[in-house]
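Summary of the model geometry
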Amino acid sequence: LTPHFKLREFFVSHDHPELIETFKPTLDGVVKLLWLSTLLEIIRGDVFSDNRFIITSGYRTFKLNERVGGSPTSQHLFYEAADFRVENYEQSTAFENIRRYLTKTEIPFGQLKTIRKGEGTVGIHLSLPFVRDGGLRKNEVLDGDKEIA
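Residues numbered from 1 in each chain as written. Predicted model: local features only at pLDDT ≥ 70, side-chain atom pairs only at ≥ 80, totals over all residues. Heavy atoms only, no water.

1. Looking at helix 3 (residues 91–105)
- Its 15 residues place the ends of helix 3 21 Å apart at the C-alpha level, agreeing with the 21 Å of an ideal helix rising 1.5 Å per residue.
- The set of residues buried in helix 3 consists of Q91, A94, F95, N97, I98, Y101 and L102. The buried residues of helix 3 occupy one face: seen down the axis, they fall within an arc of 165°. Exposed side of helix 3, more than 90 degrees from the buried face: T103 and K104 are the residues found there.
- Positive backbone phi, approximately 60°, marks E106, located one or two places after helix 3. (Helix = DSSP H or I, 4+ residues; strand = E, 2+ residues; numbered from the N terminus. Expected span 1.5 Å × (residues − 1). Buried < 20%, exposed > 50% of the residue type's maximum accessible area, 1.4 Å probe, protein only. Arc of directions from axis to C-beta.)

If you want it as structure tokens, here you go:
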């Protein structure tokens, strides 16, 4: 898809590989993942230089989404979101660096949010702008499920 992101990276499930490993993406899905991977590539290059992004969740089938406790309207179901970690960074620091960068550059995105486990940030969720409730939703920044002003 891009110099640092391969299509197969967006079809992973560490906990349930049997629910994703034989999946074949749609053309529409590949186009959305190209847009998403381009957004990740820009952030990686401008903010983190040589630090690798490790995709921990990309596209999800409905069965996989249910198994991992995802929202029934998750953008992962529509090829529009990825969860990832930034190698060699505290994830809370990486999240804050991405938040500042996206705010400064005004690059459109859907949601940027922390993925929490207990008290700590273990990953980052990034999605494309999306239509919900009759309107375009973009540039939402959340700490877990709480919006950040």
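2. Brief notes about the sheet that holds strand 4 (residues 120–127)
- Reading across the sheet, the 6 strands line up as 1-2-4-3-7-8 and stay open at both edges, with mixed pairing between neighbours. The outermost strands of the open sheet, each flanked by one partner alone, are strand 1 (53–57) and strand 8 (146–147).
- Along the sheet face, helix 3 touches strand 2 (81–86), strand 3 (111–117), strand 4 and strand 7 (140–143) and points at about 30° away from the line of strand 4. (Pairing = 2+ DSSP bridges. Contact = heavy atoms within 4.5 Å. Axes fitted to C-alpha atoms, helices over the stretch in contact; angles between N-to-C directions.)

3. Some points on the nonpolar core
- Residues F10, L40, I43, F84, L102 and L126 are the most contacted members of the largest nonpolar core, which totals 32 residues.
- Residue assignment for this core shows that the elements contributing at least two residues are helix 1 (27–48), strand 1, strand 2, helix 3 and strand 4.
- With 6 residues, the top contributor of residues to this core is helix 1.
- Sequence-distant contacts of F10, defined by excluding residues within four places in its chain, comprise L1, F5, L33, L36, S37, L40, I55, G58, Y59 and A82. (Core = buried A, V, L, I, M, F, W, Y, C linked by side-chain atoms within 4.5 Å.)

4. Re the pattern of salt bridges
- Inspection of every chain in the model, using the stated rule, returns 8 salt bridges.
- Here E18 makes a salt bridge to R67, at a shortest N to O gap of 3.9 Å. Residue E18 is located in the segment before helix 1, and its partner R67 is located in helix 2 (residues 62–67); the two are separated by 49 residues in the primary sequence.
- Given a relative accessible area of 45%, E18 falls into the partly exposed group.
- Residue R67 is classed as partly exposed on the basis of its relative accessible area of 43%.
- Here K32 ties to E80 by a salt bridge, and the two come within 3.0 Å at their closest N and O atoms. With a gap of 48 residues between them, K32 in helix 1 and E80 in the loop between helix 2 and strand 2 connect regions that are remote in the sequence.
- Bridged by salt links that share partners, the residues D28, K32 and E80 form one connected network. (Salt bridge = Lys/Arg side-chain N within 4 Å of Asp/Glu carboxyl O.)

5. As for the side chain of E140
- Mapping E140 onto the fold places it in strand 7.
- Residue E140 is classed as buried on the basis of its relative accessible area of 12%.
- Look past the residues within four positions of E140 in its chain and what remains in contact with it is F109, G110, Q111, L112 and F130.

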